[in-house]
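Here is what each chain is made of, one letter per residue.
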Amino acid sequence: MSFTIDTFQQNGFDIVALKDNKNGAQVEIIPSHGAMLHAFRIQHKGQSLNLIDNFDSKEAYQEQFATTFKGVKLSPFACRIPDKQYEWRDQSYTISKSVLPDHAIHGLLYDAAFSVAEQTATAEGASLLLNYDYKAEDAGYPFHYNCRVRYTLLPDHQLEIKTTLSSHEATPIPVMDGWHPYFTTGVPVDELELQCSATWLVEFDERLVPNGNLEPCEEFLQPMLLEGVMLDNSFLLSFDEPGPACSLYDRKQGITIDFYPEDTYPVLQVYIPPHRRSIAIENLSGVPDAFNNGMGLYQLERDEPRTFGTRIQVRLA
């Protein structure tokens, strides 16, 4: 069969691998750690190359996770909520769970143990469906909802990721969706180029929280070398033109990573960490602090699920 699914243990992790036996591509997911994307391996110039900056062991995960959130599901909000506080339907809430003292950050499911709901491998692709039922454990988000994440490996080095949120509450609840992968081609970020279809940036204050303003940005409409470039920004994507909304180029190795978010993910958060060995390219349904500023906030109704989707394709020269 062209596509297969395998499960194995490695370095303390229980991993599910989606495999394309035709071209050697392999996507690895760790369900028990926030539905984590652990690897997107390709065969390049006779060697296996992982395009995902991951945790190479359980010990590294425990040491580094709180400062990186590499590869995990961000739900029911992404990025920061300052002072951990927001208002919803004339009531104030304070999030309890957070790794930061002064912000709630990256939701409540980033370390959740998702269960495997379905595995399917055919001649057309391999798919893994993960499920987590949030039961209002945090007093700051006392809303029962369900989160399902489907990873699908397709031909031609394509990975599709879809998240479906369903509410179990009688009244609407606030949700924002995203995820947090870091990408690498094995070279410093300074040797890569970035291009994205965005002409506006969300302006942040000193706490990295939107201040209500937008600023024009056309620098990345054409490929831009990232040498010396500092990024921790929210780009507002345009879907007017066909083609990828974002592309990451490694010219020397002949590798391009294209991103095709659906319009449910109109925000692209891009972050280059200080070590500059990888770059976070995050598809988001809204901007940081959406629970307060409302930019991209969804009102999730009972029996009206919302699905958020994106697709990544790797091109090799």
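Residues numbered from 1 in each chain as written. Predicted model: local features only at pLDDT ≥ 70, side-chain atom pairs only at ≥ 80, totals over all residues. Heavy atoms only, no water.

**Structural notes on the pattern of salt bridges**
Across all of its chains, the model carries twelve salt bridges by this definition. Between Asp 177 and Lys 73 there is a salt bridge, with the nearest N and O atoms lying 2.9 Å from each other. Remark: Lys 73 occurs in strand S6 (residues 73-74) and Asp 177 occurs in the loop between strand S15 (173-175) and strand S16 (178-179); sequence separation between them is 104 residues. Residue Asp 177 shares its accessibility class with Lys 73, and that shared class is buried. Note that Lys 252 is salt-bridged to Glu 191, the shortest N-O span being 3.9 Å. Highlighted residues: Lys 252 in the loop between strand S23 (246-250) and strand S24 (255-259) and Glu 191 in the loop between strand S17 (182-183) and strand S18 (193-196), separated in sequence by 61 residues. Taking relative accessible area as the criterion, Glu 191 reaches 32% and is therefore assigned partly exposed. (Salt bridge = Lys/Arg side-chain N within 4 Å of Asp/Glu carboxyl O. Helix = DSSP H or I, 4+ residues; strand = E, 2+ residues; numbered from the N terminus. Buried < 20%, exposed > 50% of the residue type's maximum accessible area, 1.4 Å probe, protein only.)

**Observations concerning helix H1 (residues 58-68)**
Given 3.6 residues to a turn, an α-helix orients residues that are three or four positions apart in the same direction. Buried residues of H1: Ala 60, Tyr 61, Phe 65 and Thr 68, and no others. End-on, the buried residues of H1 take up no more than an arc of 115°, which puts them together on one face. In H1, the exposed positions angled more than 90 degrees off the buried face are occupied by Gln 62, Glu 63 and Thr 67. Packing partners of the buried residues in H1 comprise strand S2 (13-20), strand S4 (36-44) and S17. Among the residues trailing H1, Phe 69 stands out with phi positive, at a value near 55°. (Arc of directions from axis to C-beta. Contact = heavy atoms within 4.5 Å.)

**Some points on the side chain of Asp 289**
By the element assignment, Asp 289 lies in the loop between strand S26 (279-284) and helix H2 (290-293). One buried charged residue, Asp 289, remains without a salt bridge, the closest side chain of opposite sign being Arg 207 at 8.4 Å. The residues contacting Asp 289, other than those within four sequence positions of it, are Arg 80, Ile 81, Pro 82, Val 209, Pro 210 and Gly 294. (Lys, Arg positive; Asp, Glu negative; His and termini not counted.)

**Digging into the side chain of Asp 250**
With respect to the element layout, Asp 250 can be found in strand S23. No salt bridge forms around the buried Asp 250; measuring N to O, its nearest opposite-charge neighbour Lys 252 is 7.5 Å away. At 2.6 Å, the side chain of Asp 250 forms a polar contact with the side chain of Thr 185. Within polar-contact distance, the side chain of Asp 250 engages the side chain of Gln 253 at 2.7 Å. For Asp 250, the residues in contact, after removing those within four places along its chain, are Thr 185, Val 187, Leu 192 and Ile 255. (Polar contact = N/O pair within 3.5 Å; in protein donor to acceptor, adjacent residues only side chain to side chain.)

**Structural notes on the packing of aromatic side chains**
In this structure the tally under the stated criterion is 21 aromatic pairs. Aromatic side chains Tyr 141 and Tyr 145 sit 5.9 Å apart centroid to centroid with 80° between the ring planes, which places their arrangement in the edge-to-face category. Through a chain of ring-to-ring contacts, the aromatic side chains of Phe 77, Tyr 86, Tyr 93, Tyr 134, Tyr 141, Phe 143, Tyr 145 and Phe 291 assemble into a single cluster. The ring of Tyr 249 carries the charged tip of Arg 251 above its face, separated from the ring centre by 4.2 Å. (Phe/Tyr/Trp six-rings, centres within 6.5 Å; stacked < 30°, edge-to-face > 60°. Lys NZ or Arg CZ within 6 Å of the ring centre and 35° of its normal.)

**Describing the pairing of strand S12 (residues 126-135)**
When you tally the buried positions in S12, you get eight out of ten residues, the bulk of the element. Where strand S11 (residues 115-121) and S12 come together, six bridges link them in antiparallel fashion. Residue pairing in the sheet places Gln 119 in a bridge with Leu 128 of S12. Taken together, S11 and the strand that follows it, S12, pair antiparallel across an intervening segment of four residues. Pairing between S12 and strand S13 (residues 144-154): ten bridges, direction antiparallel. Considered in S13, the bridge of Leu 130 is made with Val 149. (Pairing = 2+ DSSP bridges.)

**Some details on unusual backbone geometry**
Here the amide bond leading from Ser 75 into Pro 76 is cis, since omega sits at 5°, within 30 degrees of zero. With respect to the element layout, Pro 76 can be found in the loop between S6 and strand S7 (80-82). Residues other than glycine seldom take positive phi values, yet Ala 35 does so here, at roughly 55°. Positive phi values are uncommon outside glycine, yet Lys 84 reaches one of about 65°. Relative to the helices and strands, Lys 84 resides in the loop between S7 and strand S8 (85-88).

**Overview of the pairing of strand S28 (residues 306-316)**
Summarising the sheet, strand S14 (residues 158-167) and S28 pair through eight bridges and their orientation is antiparallel. Across the sheet, Thr 164 pairs through a bridge with Thr 307, a residue of S28. Where S24 and S28 come together, five bridges link them in antiparallel fashion. Looking across to S28, one finds that Ile 255 is bridged to Leu 316.

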